[in-house]
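This is what each chain is made of:
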Amino acid sequence: MPYHDPHPSRPIVLALLGVLAVLLWPIWLMIAAAEREFNAMVLLSALIPLGFTAAVILAALDVPAKVLHRVDDRLHARPH
């Protein structure tokens, strides 16, 4: 039986988020280049594009749904 995705627009949304994640890096690089010195705040500011990029990759791999499914299975498997 063929798999039917409940959200047919999901690949489009993931592609657009992927483009946004890729475009965040040059913006961060321009901000980092404008700073006079490379300090901890500049390094911490890299967490924004890094986190967004990681979130897009995890969403594309469907990791949140898999984790929630495992947690749900374990909660229902517990004896009451």
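Check the entry above for the structure.
Residues numbered from 1 in each chain as written. Predicted model: local features only at pLDDT ≥ 70, side-chain atom pairs only at ≥ 80, totals over all residues. Heavy atoms only, no water.

Caption draft 1: Molecular detail of the overall build of the chain. Each helix and strand in the chain was counted, giving 4 helices and 0 strands. Secondary structure elements of the chain, listed N to C terminal, follow the sequence α-α-α-α. In the chain, buried positions account for 10% of the 80 residues. About 7000 Å² of surface is accessible on the chain, with carbon and sulfur atoms providing 73% of the total. (Helix = DSSP H or I, 4+ residues; strand = E, 2+ residues; numbered from the N terminus. Buried < 20%, exposed > 50% of the residue type's maximum accessible area, 1.4 Å probe, protein only. Areas by Shrake-Rupley, 256 points an atom, 1.4 Å probe, with all protein chains shown as cover.)

Caption draft 2: Examining helix H3 (residues 47-60) more closely. Compared with an ideal rise of 1.5 Å per residue, which puts 14 residues at 20 Å, H3 spans 20 Å between its outermost C-alpha atoms and is within 8% of the ideal. A positive backbone phi angle near 60 degrees is found at Asp 62, which sits one or two residues after H3. (Expected span 1.5 Å × (residues − 1).)

Caption draft 3: Spatial organisation of the packing of aromatic side chains. Under the defined criterion, the tally for this structure stands at 1 aromatic pair. Geometrically, the ring pair formed by Trp 25 and Trp 28 is edge-to-face, given 6.0 Å between the ring centres and 80 degrees between the ring planes. Of this pair, Trp 25 and Trp 28 both sit in helix H1 (residues 10-34), 3 residues apart, which is roughly one turn of that helix. What makes Trp 28 buried here is its relative accessible area of 13%. (Phe/Tyr/Trp six-rings, centres within 6.5 Å; stacked < 30°, edge-to-face > 60°.)

Caption draft 4: Region of interest: the pattern of salt bridges. Throughout the structure, instances matching the rule amount to 1 salt bridge. Here Arg 10 and Asp 62 are joined by a salt bridge, their closest N and O atoms 3.4 Å apart. Note that Arg 10 is positioned in helix H1 and Asp 62 in the loop between H3 and helix H4 (63-77), a separation of 52 residues in sequence. By relative accessible area, which is 32% here, Asp 62 ends up partly exposed. (Salt bridge = Lys/Arg side-chain N within 4 Å of Asp/Glu carboxyl O.)

Caption draft 5: Broad picture of H1. The end-to-end C-alpha separation of H1 is 37 Å, in line with the 36 Å expected for 25 residues at 1.5 Å each. Those residues of H1 that sit buried are Leu 14, Ala 21, Trp 28 and Ala 32. Turning to H1, the residues buried within the fold contact helix H2 (40-45) and H3. (Contact = heavy atoms within 4.5 Å.)

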